[in-house]
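Structural features, examined
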Amino acid sequence: KIVFPTDRLFGVREARQRQMGIRPEPFYAHGELQSATLLFAQRQWDLMSKHNMSEYEAYESVEKEMGELKAKALQQLEGLATNLKVNGISKASFLSKSKTAEQLAKWQARLEEQPWSEWELGQQVMLDHWITVTALEWGWEQERYLQDEQFEHALGLLRHAIFPEIEPPLDEAAAAAAAEAAAASCPCA
């Protein structure tokens, strides 16, 4: 059996995440199976081998780095949504490429044909992927953050800023009120 230096680091990270109630799962992105835990272990090993850090120091450093990257990605997502809301889609810098403008027109035509709420999940995911790759210029490392509710909500606001015909996501209070109203109007009880 071949054992890589990152194997033990991977196991330590995975065990710590499980203790915190986080179930790390690999995910498919850009034609490959990716793992945030493996990415973490590889960065940790890199710091240990190239910068002579202890395992603990490298773990803490990568933990901090990944937290900063996540915060930066959320700030970018929210910032673009706010910018588009204030200035409009016509001022969006990502539309400077003619190919991107053509793609936007195709998505808008698709929305005219069929409302977002009637799209299949796969189609909705494709639009969100287009937004993250084209408007935000994200790779798989940032896209994995979309599993987080805060990112999911912020992406919904950005989606609405780009495509106003798509309803913005409800905030938690509005979502709870809508669920309560739906339950109260249901004759099934």
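Because the structure is predicted, anything quoted here is derived from the model rather than measured. In this numbering scheme, every chain counts its residues from 1 along its sequence in written order. The predicted nature of this model means local features are confined to residues of pLDDT at least 70 and side-chain atom pairs, given and counted, to a pLDDT of 80 or more, with totals for whole chains, interfaces and linings taken over all residues. Hydrogens and water molecules were not included; the side-chain quantities draw on all heavy atoms of the structure.

Going along the chain from the N terminus, every DSSP run of H or I of four or more residues is numbered as a helix, and every run of E of two or more is numbered as a strand. A tally of regular secondary structure across the protein gives eight helices and two strands. Sequence-ordered secondary structure for the protein, helices as α and strands as β, is α-β-β-α-α-α-α-α-α-α. It only takes one pair of heavy atoms within 4.5 Å for two residues to be counted as in contact. Taking the intrachain contacts of the protein between residues at least 6 apart in sequence as the baseline, contacts between residues at least 24 apart amount to 58%. Values of accessible area rely on a 1.4 Å probe in the Shrake-Rupley scheme; residue burial ignores everything except the protein chains shown. For the protein, the exposed surface amounts to about 12,500 Å²; the carbon and sulfur share of it is 53%.

For the α-helix, the turn length of 3.6 residues means that residues three or four positions removed from each other point alike. How far a helix is expected to stretch is found by multiplying one less than its residue total by 1.5 Å. End to end, helix α7 (residues 149-162) covers 20 Å across 14 residues, agreeing with the expected 20 Å (1.5 Å per residue, within 8%). The classification of residues rests on relative accessible area computed with a 1.4 Å probe and restricted to protein chains. Under 20% of the type maximum is buried, over 50% is exposed, and intermediate values are partly exposed. Among the residues of α7, those classed as buried are Phe 151, Ala 154, Leu 155, Gly 156, Leu 158, Arg 159, Ala 161 and Ile 162. If you check the start of α7, you find a side-chain oxygen 2.7 Å away from the backbone N of Gln 150, and it comes from Asp 148. Whenever two N or O atoms come within 3.5 Å, that pair is a polar contact, provided that in protein one can donate a hydrogen and the other can accept it, and provided that, for residues adjacent in sequence, both atoms are side-chain atoms.

Under the 1.5 Å per step criterion, the end-to-end length of helix α2 (residues 36-50) is 21 Å for 15 residues, consistent within 8% with the ideal 21 Å. Buried within α2 are the following residues: Thr 37, Leu 39, Phe 40, Ala 41, Arg 43, Gln 44, Leu 47 and Met 48. On its buried side, α2 packs onto α1 (5-19), α3 (55-87) and α6 (140-143). Residue Asn 52 follows α2 closely and has a positive phi angle near 50°.

A general feature of soluble globular proteins is that nonpolar side chains tend to end up buried together. What we call a nonpolar core is a set of buried Ala, Val, Leu, Ile, Met, Phe, Trp, Tyr and Cys residues that are connected through their side-chain atoms within 4.5 Å. Residues Leu 127, Ile 131, Leu 158, Ile 162 and Phe 163 are the most contacted members of the largest nonpolar core, which totals 30 residues. Breaking this core down by element, the ones donating at least two residues are α3, α4 (98-113), α5 (121-135) and α7. Core analysis: the second largest hydrophobic core is formed by 11 residues, Leu 47, Ala 58, Val 62 and Trp 140 among them.

A few words on the packing of α2 against α3. Relative to each other, α2 and α3 sit at 125°, their axes nearing to 9 Å. Taken together, α2 and α3 sit at an angle that is classed as oblique. Classified by chirality, the crossing of α3 by α2 is right-handed. Between α2 and α3, the contacting residues are Ala 36, Leu 39, Phe 40, Arg 43, Gln 44, Leu 47 and Met 48 on the first element and Glu 55, Ala 58, Tyr 59, Ser 61, Val 62, Glu 63, Glu 65, Met 66 and Leu 69 on the second. Every axis in this analysis is a line fitted to C-alpha atoms, fitted for helices over the stretch in contact. Angles between the N-to-C directions lie between 0 and 180 degrees. An angle below 35 degrees is read as roughly parallel, one above 145 as roughly antiparallel, one from 65 to 115 as roughly perpendicular, and any other as oblique. Here is the rule for handedness: rotate from the far helix to the near one, and if that takes an anticlockwise turn smaller than a right angle the crossing is left-handed, while a clockwise turn gives right-handed.

Our next topic: the confidence of the model for the protein. Keep in mind that low pLDDT regions are not for reading the predicted coordinates in detail. Per-residue confidence for the protein gives a mean pLDDT of 85, with 85% of residues at or over 70. α4 holds the highest mean pLDDT among the elements of the protein, 94, whereas helix α8 (residues 172-185) holds the lowest, 59. Along the chain, pLDDT gives the predictor's confidence residue by residue, from 0 to 100.

Summarising the element assignment, Leu 84 is placed in helix α3. You can call Leu 84 buried: its relative accessible area is 4%. For the pair Leu 84 and Ala 161, spaced 77 residues apart in sequence, the C-alpha to C-alpha distance is 5.8 Å.

Before going further, it helps to spend a moment on the pattern of salt bridges. The rule for a salt bridge is simple: a side-chain nitrogen of Lys or Arg has to be within 4 Å of a carboxyl oxygen of Asp or Glu. One pass over the full model with this rule turns up seven salt bridges. The closest approach of N and O atoms between Arg 13 and Glu 63, which form a salt bridge, is 2.5 Å. In this pair, Arg 13 sits in helix α1 while Glu 63 sits in helix α3, placing the two residues 50 residues apart along the sequence. The salt bridge involving Arg 43 is made with Glu 65; its shortest N-O contact spans 3.6 Å. On the criterion of sequence distance, the pair formed by Arg 43 in helix α2 and Glu 65 in helix α3 is long-range, its members being 22 residues apart. The class for Glu 65 is partly exposed, based on a relative accessible area of 29%.

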